[in-house]
Number of protein chains: 2
Amino acid sequence: MAKKYVRVAVDAMGGDLAPAEPVKAAVQALERRKSLHVTLVGKEELIREELSGYEIPEEQMERLEILNAREVIEMSEPPVNAIRRKKDSSIVKGLRLVKEGTCDAFVTAGSTGATLAGGQLLVGRIRGIERPPLAPLLPTAKTPVLLVDCGANVDARPSQLVQFAQMGSIYMKNMTGIENPRVALVNIGAEEEKGNALTKEVYPLLQACEGINFIGNIEAREIPAGAADVVVCDAFVGNVILKLYEGLASTLIHKIKDALMTSLRSKLGALMIKPALKGMLKEFDISSYGGAPMLGLRGLVVKTHGNSEAVEIRNAIEQCILFKKKNINGQFVEEMGLDKPKDKKTEMS
Amino acid sequence: MAKKYVRVAVDAMGGDLAPAEPVKAAVQALERRKSLHVTLVGKEELIREELSGYEIPEEQMERLEILNAREVIEMSEPPVNAIRRKKDSSIVKGLRLVKEGTCDAFVTAGSTGATLAGGQLLVGRIRGIERPPLAPLLPTAKTPVLLVDCGANVDARPSQLVQFAQMGSIYMKNMTGIENPRVALVNIGAEEEKGNALTKEVYPLLQACEGINFIGNIEAREIPAGAADVVVCDAFVGNVILKLYEGLASTLIHKIKDALMTSLRSKLGALMIKPALKGMLKEFDISSYGGAPMLGLRGLVVKTHGNSEAVEIRNAIEQCILFKKKNINGQFVEEMGLDKPKDKKTEMS
């Protein structure tokens, strides 16, 4: 494998639409990005069958590998157990490729719990990182906002939230080109003294933290309006925000669709507004942003939605190329004053 | 004052549209409900000026009183300080009317913080209630859901959440007529073992709690779909849910409106769908449900939005009549096995 490629392992068995959509995503990404190498991880015969549906130029085939993995971790399995028991699963084998340095990143639409557990247990943290957060992008009225953390750190410590803010800020600056990302703390009021025990402790720490543009507390109401570029919270609150975002948008859109079917007049009107509405809904569609990175690992792990179609997985794969080229893990180490690890791989350089 | 009336104190100075909208709400409520007595609390000359704009029949004037209060607590004031210092404010005087038993309930669109602090400090809790939660109704795809707590209890204890569930259940059964309200715990997964330290401790307590229909954990995604009638969480999480609900709905509706203005075709379509869409938006409009009750006090305190128009405040006033007639505080004492207080007023009977 040539050194010049960004090497991404893709979970061919992950998500509701596997293996069809992950394989399609890999094929498309290889066509679009010449610097990309993909390792499809999963049941080899299923992957080969999917691949046989495409006419893939030889140059692209040379940048594609298959790693056979006979087991699949189901969404419902207890994560830590699954990671420990199913050593021949696509998630365990994909994460190991990152751990060993064979790949730079792993993209999966599979079990979130197993991915989070495996990221910590198998790939491991950059030295000095307390906990790796999962950080999805959410659509807003303006540019998308990075929500850190939606992962496993439900009873987070103040110092962890400070690291979330630092990593989120570096990630957004590099991945979206925003110069001085506005970092805010999710809270129940704008004033410094508002909040629960955690946020009251975190606020002064964020204020004192150099290298981030901390703009203070943000109420959940202001998040969809686009009042910050990075919002920081513990994973319980982050999970509530992420899930409510999805649920409420879906409910409102369904209700609007129902409303449009109530009369002949509204039905005719619906036909006329369809193109405009479609554009707007697409803009508010989370999948177009790719996946949620798990930050602070010795490598990169990206989680996409369980129902991901090829476009979302493809965007996630392409996201890994930028992450590598910008040397974001190296920047974490540099800017956050983390110990330089002994293992060169860690910086993904 | 005749005993037969339900006596509601209304904060004439509370909210962005005071005194016009609170006074209008009181006038309308008196016209609609013969069993209602209203005390308007605030600057007397302003209230009289507003009242002079209406032709109020004598029978209704007899059920209307004014209590002069010279001070106003601003939205931005530190709540506890404001309650302690501004003894001649409409909120302090209104709450005192409930404390003294002169009124059964107090309705305000003023400072949430001052109302919460004053509810606890001035009105006081029913004996045995650990903390009084604020419980707004949220619209869903089906019937509205009661969210307990959105108030001041940001670092709540497990036993408090159990009381929130019990009070929420009794409130919903009586106020909306749902026979066996589905009570759920807001969590980050459906399984019992999921969650943070608080929810893991609360889950078995709710399971063991008699008299409520506990259906387990609910992910925030399922709340807008209407998967439960009462959802229980600490006030930090509840605040995030409430504010995100408001913010996301508002952002989406704005984006849809913008989208509809992009072309002549979509503009024409927009005209045709307007009536259908308006009906749907009204259904999803929080204000039509009245205000959020603060539960577990020795009396009733209802908080409406800061930007409440007359209809929301009027609904909140009418809500107080049902609360009193159903003897909901009495039911709390009875069904939750709380000590019968010495003070008769507590049961609002």
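Here the structure is shown first, and the text comes after it.
Draft legend 1. Layout of the overall build of chain A. When helices and strands are tallied, chain A shows twelve helices and eleven strands. Computed over its C-alpha atoms, the radius of gyration of chain A comes to 21 Å, within 12% of the 20 Å expected for a compact globule of 349 residues. Summarising its shape, the C-alpha atoms of chain A cover approximately 65 × 55 × 35 Å along the three principal directions. When burial is assessed residue by residue, chain A has 60% of its 349 residues classed as buried. Long-range contacts, defined here as pairs at least 24 residues apart, represent 73% of the contacts in chain A between residues at least 6 apart. Summed over its atoms, the accessible surface of chain A is roughly 14,000 Å², and 50% of this surface lies on carbon and sulfur atoms. In chain A, 46 positive and 44 negative side-chain charges are present, and the distance between their average locations comes to 1 Å.

Draft legend 2. Local environment of the sheet that holds strand 3 (residues 64–68) of chain B. All names here are of chain B. Here six strands make up an open sheet; going across it, the order is 3-2-1-4-11-10 and the pairing mixed. Of all the strands in the sheet, the pair left with one neighbour each is strand 3 and strand 10 (292–294). Strand-to-strand twist across the sheet, computed as the mean angle between neighbouring axes with direction ignored, equals 25°. Judged from the four bridges that link them, strand 4 (residues 105–108) and strand 11 (residues 300–303) form a sheet pairing that is parallel. When the sheet's bridge partners are listed, phenylalanine 106 is paired in strand 11 with valine 301.

Draft legend 3. View of the packing of helix 9 (residues 235–260) of chain A against helix 10 (residues 264–283) of chain B. At a closest axis distance of 9 Å, the pairing of helix 9 of chain A and helix 10 of chain B adopts a crossing angle of 140°. Classified by the angle between their axes, helix 9 of chain A and helix 10 of chain B sit oblique to one another. Between helix 9 of chain A and helix 10 of chain B lies a crossing whose hand is right-handed. In this structure, helix 9 of chain A uses Leu252(A), Lys255(A), Ile256(A), Ala259(A) and Leu260(A) to contact helix 10 of chain B, whose residues at the interface are Ile273(B), Ala276(B), Leu277(B), Met280(B) and Glu283(B). Among the residues forming the contact of helix 9 of chain A with helix 10 of chain B, the class breakdown is eight nonpolar, no polar and two charged.

Draft legend 4. The arrangement of unusual backbone geometry in detail. The omega torsion across Ala18(A) and Pro19(A) is 0°, close enough to zero to call that bond cis. Following the sequence through the fold, Pro19(A) ends up in the loop between strand 1 (6–11) and helix 1 (20–32). Its identity as a non-glycine residue notwithstanding, Asn327(B) has a phi of 50°, on the positive side. Mapped onto the fold, Asn327(B) is located in the loop between helix 11 (310–325) and helix 12 (328–335).

Draft legend 5. Looking closely at the interface of chain A and chain B. Facing 49 residues of chain A, the contacting portion of chain B comprises 49 residues. Counting each side, the surface lost to burial between chain A and chain B is near 4,700 Å², with a carbon and sulfur contribution of 76%. Here chain A and chain B share four salt bridges between them. Between Arg221(B) and Glu246(A) there is a salt bridge, and its shortest N-O distance comes to 3.0 Å. Run the count over chain A and chain B and you get ten residue pairs in polar contact (both at pLDDT 80 or more). Looking at the side of chain A that touches chain B, the elements that each hand over two or more residues are helix 8 (197–208), helix 9 and helix 10 (264–283) of chain A. Among the elements that take part in the side of chain A that touches chain B, helix 9 of chain A stands out by supplying 18 residues, more than any other. Tallied by class, residues from the side of chain A that touches chain B come to 30 nonpolar, eleven polar and eight charged.

Draft legend 6. Molecular detail of the sheet that holds strand 11 (residues 300–303) of chain A. All names here are of chain A. Spatial ordering of the open sheet is given by 3-2-1-4-11-10, a layout of six strands whose pairing is mixed. Edge positions in the sheet fall to strand 3 (64–68) and strand 10 (292–294), since each has one partner strand and no second. If you compare each strand with its neighbour and ignore which way they point, the axes differ by 25° on average. In this sheet, strand 2 (residues 36–42) lies alongside strand 1 in parallel orientation, the contact comprising six bridges. For valine 8, the partnering residue across the bridge sits in strand 2 and is valine 38. Against the sheet, helix 11 (residues 310–325) touches strand 1, strand 2, strand 4 (105–108), strand 10 and strand 11, its axis set at about 150° to strand 1.

Definitions and limits used
- Residues numbered from 1 in each chain as written.
- Chains lettered and ligands numbered in written order.
- Predicted model: local features only at pLDDT ≥ 70, side-chain atom pairs only at ≥ 80, totals over all residues.
- Heavy atoms only, no water.
- Helix = DSSP H or I, 4+ residues; strand = E, 2+ residues; numbered from the N terminus.
- Rg over C-alpha atoms; globule rule 2.2 N^0.38 Å.
- Buried < 20%, exposed > 50% of the residue type's maximum accessible area, 1.4 Å probe, protein only.
- Contact = heavy atoms within 4.5 Å.
- Areas by Shrake-Rupley, 256 points an atom, 1.4 Å probe, with all protein chains shown as cover.
- Lys, Arg positive; Asp, Glu negative; His and termini not counted.
- Charge placed at Lys NZ, Arg CZ, Asp CG, Glu CD.
- Pairing = 2+ DSSP bridges.
- Axes fitted to C-alpha atoms, helices over the stretch in contact; angles between N-to-C directions.
- Parallel < 35°, antiparallel > 145°, perpendicular 65-115°, else oblique.
- Left-handed = near helix turned anticlockwise from the far one by under 90°.
- Nonpolar A, V, L, I, M, F, W, Y, C, P; charged D, E, K, R; others polar.
- Buried area = accessible area lost by both parts, 1.4 Å probe.
- Salt bridge = Lys/Arg side-chain N within 4 Å of Asp/Glu carboxyl O.
- Polar contact = N/O pair within 3.5 Å; in protein donor to acceptor, adjacent residues only side chain to side chain.

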